[in-house]
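Structural characterization, general
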Amino acid sequence: MLLLEPYKLGPIALPNRMVMSPLTRNRAPGGIPNTLMAEYYSQRATAGLIVSEGTQVGPLGQGYQDTPGIYTNAQRDGWRIVTNAVHHAGGRMFAQLWHVGRVSHSHYHGHQPVAPSAIAPSGKAYTPDGMKDFETPRALATDEVLGVVAEFRRGAEVAYEAGFDGVELHGANGYLIDQFFQSATNQRTDQYGGTPQNRVRFLLEILDAVTSVWPSERVGVRVSPAGGSNGIHDANPVETFSHIASTLNDRGLAYVHVVEAPVGTSGPDERQVCSTELVRDSYHGTVITASGYTPETAERALERKYADLVAFGRLFLANPDLVARVGSGAALNEPDRATFYTAGPRGYVDYPMLAG
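Report on the accompanying structure. (Residues numbered from 1 in each chain as written. Predicted model: local features only at pLDDT ≥ 70, side-chain atom pairs only at ≥ 80, totals over all residues. Heavy atoms only, no water.)

The next subject is the pairing of strand β7 (residues 124-127). Of the two faces of β7, the one holding Ala125 and Thr127 is buried and the one holding Lys124 and Tyr126 is not buried anywhere. Here β7 runs beside strand β8 (residues 130-133); their pairing, made up of 4 bridges, is antiparallel. Bridge pairing links Ala125 to Lys132 in β8. Here β7 hands over to β8 after 2 residues, the two strands then running antiparallel side by side. (Buried < 20%, exposed > 50% of the residue type's maximum accessible area, 1.4 Å probe, protein only. Helix = DSSP H or I, 4+ residues; strand = E, 2+ residues; numbered from the N terminus. Pairing = 2+ DSSP bridges.)

Let us now look at the packing of helix α4 (residues 142-161) against helix α7 (residues 201-210). Running from amino to carboxyl end, α4 crosses α7 at an angle of 40°, the nearest separation of the two axes being 8 Å. In this view, α4 runs oblique relative to α7, as classed from their interaxial angle. You can see that α4 and α7 cross each other, and the crossing is right-handed. Touching Val145, Leu146, Val148, Val149, Phe152, Arg153 and Ala156 of α4 are Phe202, Glu205, Ile206, Ala209 and Val210, all from α7. When grouped by side-chain class, the residues that make up the contact of α4 with α7 number 10 nonpolar, no polar and 2 charged. (Axes fitted to C-alpha atoms, helices over the stretch in contact; angles between N-to-C directions. Parallel < 35°, antiparallel > 145°, perpendicular 65-115°, else oblique. Left-handed = near helix turned anticlockwise from the far one by under 90°. Contact = heavy atoms within 4.5 Å. Nonpolar A, V, L, I, M, F, W, Y, C, P; charged D, E, K, R; others polar.)

Once that is clear, we can look at the sheet that holds strand β13 (residues 287-290). Neighbouring strands of a sheet are bound in pairs by backbone hydrogen bonds; such pairs are parallel or else antiparallel. Ordered in space as β3-β4-β5-β10-β11-β12-β13-β14, the 8 strands form a closed barrel in which the pairing is parallel. Averaged over all pairs of adjacent strands, the angle between their axes in this sheet comes to 25°, without regard to strand direction. In this sheet, strand β4 (residues 49-56) lies alongside strand β3 (residues 18-20) in parallel orientation, the contact comprising 2 bridges. By the bridge assignment for β4, Met20 is matched with Ile50. Along the sheet, helix α1 (residues 35-43) contacts β3, β4 and β5 (93-98); its crossing angle with β4, the most-contacted strand, is approximately 150°.

Moving on to the packing of α1 against helix α2 (residues 73-88). Relative to each other, α1 and α2 sit at 30°, their axes nearing to 8 Å. Considered as vectors, α1 and α2 are oriented roughly parallel to each other. Helix-helix and strand crossings are classified by hand; for α1 and α2 the assignment is right-handed. Where α1 abuts α2, its residues Thr35, Met37, Ala38, Tyr41 and Ser42 lie against Trp79, Ile81, Val82, Ala85 and Val86. Class assignment for the residues of the contact of α1 with α2 results in 8 nonpolar, 2 polar and no charged.

Written as C-alpha cells, this is what we have:
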C-alpha cells in the first residue's frame, strides 16, 4: 500500500506518506501550548509528518479564541513540551506559521485588523462575547509590510528554539498571505499588488526571512488555489496559482501543500481546475494534497502520482492511530463535531485506540 510506504522529505525520513493536517482546536488558553496539547499530538506521532495547528506569529495575527502563538518565550517553552512529547513517541512535526489578516477582530488585540486592502470579509467573527460582524481592516502601508515579514521570521526562530523539525507557511484559506495572492482582497497599487508577480512578493519576502533561520528543505508552503474560504477569490486563479507554483520551484522547499476545493463543490467554474493537479503541473518538488480524503481515495491519488503525500484532518482528529487502522483495515472512529473547538480533553485526547 503506497500510503504506508516510507518517503524521503529532504533530510527527513518519513515512515509513511500520511500527513496530519493542521487543525485548529482552541485548546491553548492565553495562547500558550500546554501538556494537554502535548498528549494530543504525541498520540498521533505515527503520522509520517504532523503539521501543527495554525500558530499566530504576532498579536494581530490572532483571529480565534485560545489559538496558540509562536512569538514569546512562554509560547516557545510550551511548544517545546509538545515537540519533546512527539519526538519521544517517534514522530516528526512542523509548525504552521499563521497570520489571519482581515479574518480577525479587535476583541483579540484591541486594534483594527490589517490586510493588503481595506476590504471587509463577509460574515461574522467568533469571539468569547458571541458572533460579531467582521470589521473593515486597515490596509498595511508599504513600509509596514516588512514588519509583518519580520514577525514571520520571529515565528521561525521560536519554532527552531522550540524543537520543531521544520515550518509551514500558511498561505491558504483566505488568511493574510492568501489575501495578498488573490485579486479580490488585494487591490494595492504598490509593489505588492496588481500582477501575480507582485502579489506573490509578500510570500517570497517571508520565505527569504524564514530561510535565514531554517534550511529551505525544512520549509513548506500551504496554498488553496480553489479559494472559497473566508470569502477569498481571484479573477484568474489558474494564472495566479500557476505563477506561484512555478516561482516556488527555485526555492528548494520541503513541499507545497495544496488544499483542494471544499468537498461537494460542483459546477463549471474555475474552482474545479484550481486543484492539486494545477500545482503539480507547475511545481516539480514534493506535493501534499489535502481535503476530505479517505484512505481509499488517498491511495488512488498516490497511484496516479497526483501527489507524493496525502494529508488527513478529521480522520487523524478522530483516530490517533489512523496509520495502524489503515494498515489493518480496521474501522474508523467518527469525529465528534461538537467538540472540535471546545475546551478540555473530551473529543480531544479520549478517542479510542485499537487494543494492543
